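Take a look at the letters that make up each chain.
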Amino acid sequence: MVIKRSNLKFDDKFADLLGEQLGDTGVSVTILLDGLVQSARQRLGMEVAFVSEFISGRRVFRYVDSADGVEIVKVSGSDPLSDSYCQRIVEGKLPELMRNARDVPAAQSISATYVIPVGAHVSVPIRLTNGEIYGTFCTFSRHADPKLDERDLAFVRVFADIAGGLISKNLGSLESAKAMRTRIHGFIENNKLALFGQPVVDLNDCTVHGYELLLRVQEPNPVSPDILFKDANHVGLSNLLGQWTVDEAIRILQLLPDNQFVALNLTPSFILDNNLSELFEEADLSRLIIEVTEHEVIKDYSLINAQLTPLRDKGARLSIDDAGAGYASLRHILLLHPDIIKLDISLIHNIHINQERQALATALIAFASCCGYQLIAEGIETEEERKMLIELGASMGQGYLFAKPHKLES
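Notes on the structure in this doc start here. (Residues numbered from 1 in each chain as written. Predicted model: local features only at pLDDT ≥ 70, side-chain atom pairs only at ≥ 80, totals over all residues. Heavy atoms only, no water.)

Here we look at the overall build of the protein
Right, so step 1: Each helix and strand counted, the protein has 15 helices and 15 strands in total.
Right, so step 2: In terms of overall size, the protein is more extended than a compact globule, its C-alpha atoms giving a radius of gyration of 31 Å where 410 residues would be expected to give roughly 22 Å.
Right, so step 3: Here the protein has roughly 20400 Å² of accessible surface; of this, 50% comes from carbon and sulfur atoms.
Right, so step 4: Distance from the positive charge centre (39 side chains) to the negative charge centre (55 side chains) of the protein: 10 Å. (Helix = DSSP H or I, 4+ residues; strand = E, 2+ residues; numbered from the N terminus. Rg over C-alpha atoms; globule rule 2.2 N^0.38 Å. Areas by Shrake-Rupley, 256 points an atom, 1.4 Å probe, with all protein chains shown as cover. Lys, Arg positive; Asp, Glu negative; His and termini not counted. Charge placed at Lys NZ, Arg CZ, Asp CG, Glu CD.)

Side note on the environment of leucine 153
Right, so step 1: Tracing the backbone shows leucine 153 in helix α6 (residues 150-189).
Right, so step 2: Separated by 30 residues in sequence, leucine 153 and serine 123 place their C-alpha atoms 8.1 Å apart.
Right, so step 3: Those residues in contact with leucine 153 that sit more than four places away from it in its chain are Glu96, Leu97, Val122 and Val124. (Contact = heavy atoms within 4.5 Å.)

Section: the state of the cysteines
Right, so step 1: Applying the stated criterion to the full structure yields zero disulfides.
Right, so step 2: Counting only cysteine sulfurs, cysteine 138 is the nearest neighbor of cysteine 86, a cysteine outside any disulfide, at a range of 5.4 Å.
Right, so step 3: The cysteine cysteine 371 is free of any disulfide, with cysteine 370 supplying the nearest cysteine sulfur at 5.0 Å. (Disulfide = S-S within 2.5 Å.)

A few points about the environment of isoleucine 320
Right, so step 1: Tracing the chain through its elements places isoleucine 320 in strand β11 (residues 317-323).
Right, so step 2: Residues isoleucine 320 and histidine 332, spaced twelve residues apart in sequence, show a C-alpha to C-alpha distance of 6.9 Å.
Right, so step 3: Setting aside its immediate chain neighbours within four residues, isoleucine 320 contacts Val292, Ser329, His332, Ile333, Leu336, Pro338, Ile340, Ile341 and Lys342.

What about the pairing of strand β13 (residues 374-377)?
Right, so step 1: Relative to β13, strand β12 (residues 340-343) runs parallel, the two sharing four bridges. Considered in β13, the bridge of leucine 343 is made with alanine 377.
Right, so step 2: In this structure, β13 lies alongside strand β14 (residues 396-397), joined through two bridges in parallel fashion. Considered in β14, the bridge of isoleucine 376 is made with methionine 396.
Right, so step 3: In this fold, β13 hands off to helix α15 (residues 383-392), which returns the chain to β14; that crossover is right-handed. (Pairing = 2+ DSSP bridges. Right-handed = clockwise from strand over helix to strand, strands pointing away.)

See the structure below:
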């Protein structure tokens with residue numbers, strides 16, 4: 001079988017791949033490496049190209065591209081490293097470029113040279129960024145190719161360098177993800193997580209009606225809750241973390257007086273991925289408020305509503321956070337029809353001396369009243385802010401003026 005060399009210019013392909021690698025395109029390392037292997041095979045007009053990894057004395061084929069009808073090498077296949085061309089090339093016992101392996105004395109003692117057989121062969125070591133040998137970037141055909149030259153070898157070397165960088169990056173990501181999972185499991189198993197409560201009070205007499213529960217990491221260098229949930233989502237542990245918060249919220253609810261509620265923040269993805277009725281089976285739903293965070297895009301509000309309806313039918317209330325802070329929260333209000341809306345802290349800060357904030361807060365308070373929503377003002381820090389909110393018609397709020405988030409114990 002004779003395969004024609006591709007007319008694709010090396011510079012064009014290199015630019016495309018490098019642009020994908022460095023750009024924020026979401027292209028996976030696997031796709032990039034598959035593309036490199038395919039490009040190398042087509043560029044040199046070979047039958048097979050692959051990236052191999054050296055593991056425990058074996059050569060494992062990680063990325064493979066073959067011409068139509070050629071099935072010499074398969075992904076995840078392996079063979080003894082000692083019997084391979086790859087090991088000898090890394091050791092310098094075989095040349096990296098062979099126009100016809102059957103003419104090379106050092107290759108004549110290797111059974112594959114005649115069993116496959118091997119003709120044209122170009123292979124170079126893949127080094128990771130730490131200098132370690134990962135394996136080889138190899139391409140070969142069963143027929144000889146007298147036209148192979150140093151430019152072809154240089155081409156494969158560049159692709160091997162790119163492959164080494166991509167593999168190093170991927171291995172680093174895998175190690176980082178593993179460490180992240182271990183850390184999050186450690187937080188849970190070693191009781192490093194806690195839900196702190198910030199009271200929601202009557203603005204007139206400061207009577208506590210309930211608590212918003214906020215996740216905290218208890219260690220010398222605490223992780224912010226937003227980063228923790230982002231990391232958990234990245235490594236597939238967001239449901240584990242979410243279920244821990246639900247269990248802890250139910251425990252705390254049982255410690256509080258019967259006339260006080262707990263408000264728990266849940267992400268849209270957690271709501272969609274779990275059977276909420278089952279998770280909250282042991283909770284007094286009449287004292288539960290679910291706050292839907294706006295940190296994730298909701299693509300289908302009907303699905304969210306369908307998940308929340310069984311809980312709301314049994315008395316749970318729905319709250320939308322950060323009203324007045326942006327479009328997402330207003331869209332949540334219009335499409336989820338909550339029981340409670342919370343005025344964002346950006347509206348509350350210095351509201352007593354800012355007429356624009358007063359006007360917007362007044363409009364939202366009137367909107368809540370018209371629609372039958374309860375309204376809670378967040379982030380109240382001064383007595384002047386509290387008095388102004390009362391004057392504007394608000395009746396409930398929370399903030400450092402009343403208390404910082406703290407542990408709730410029996």
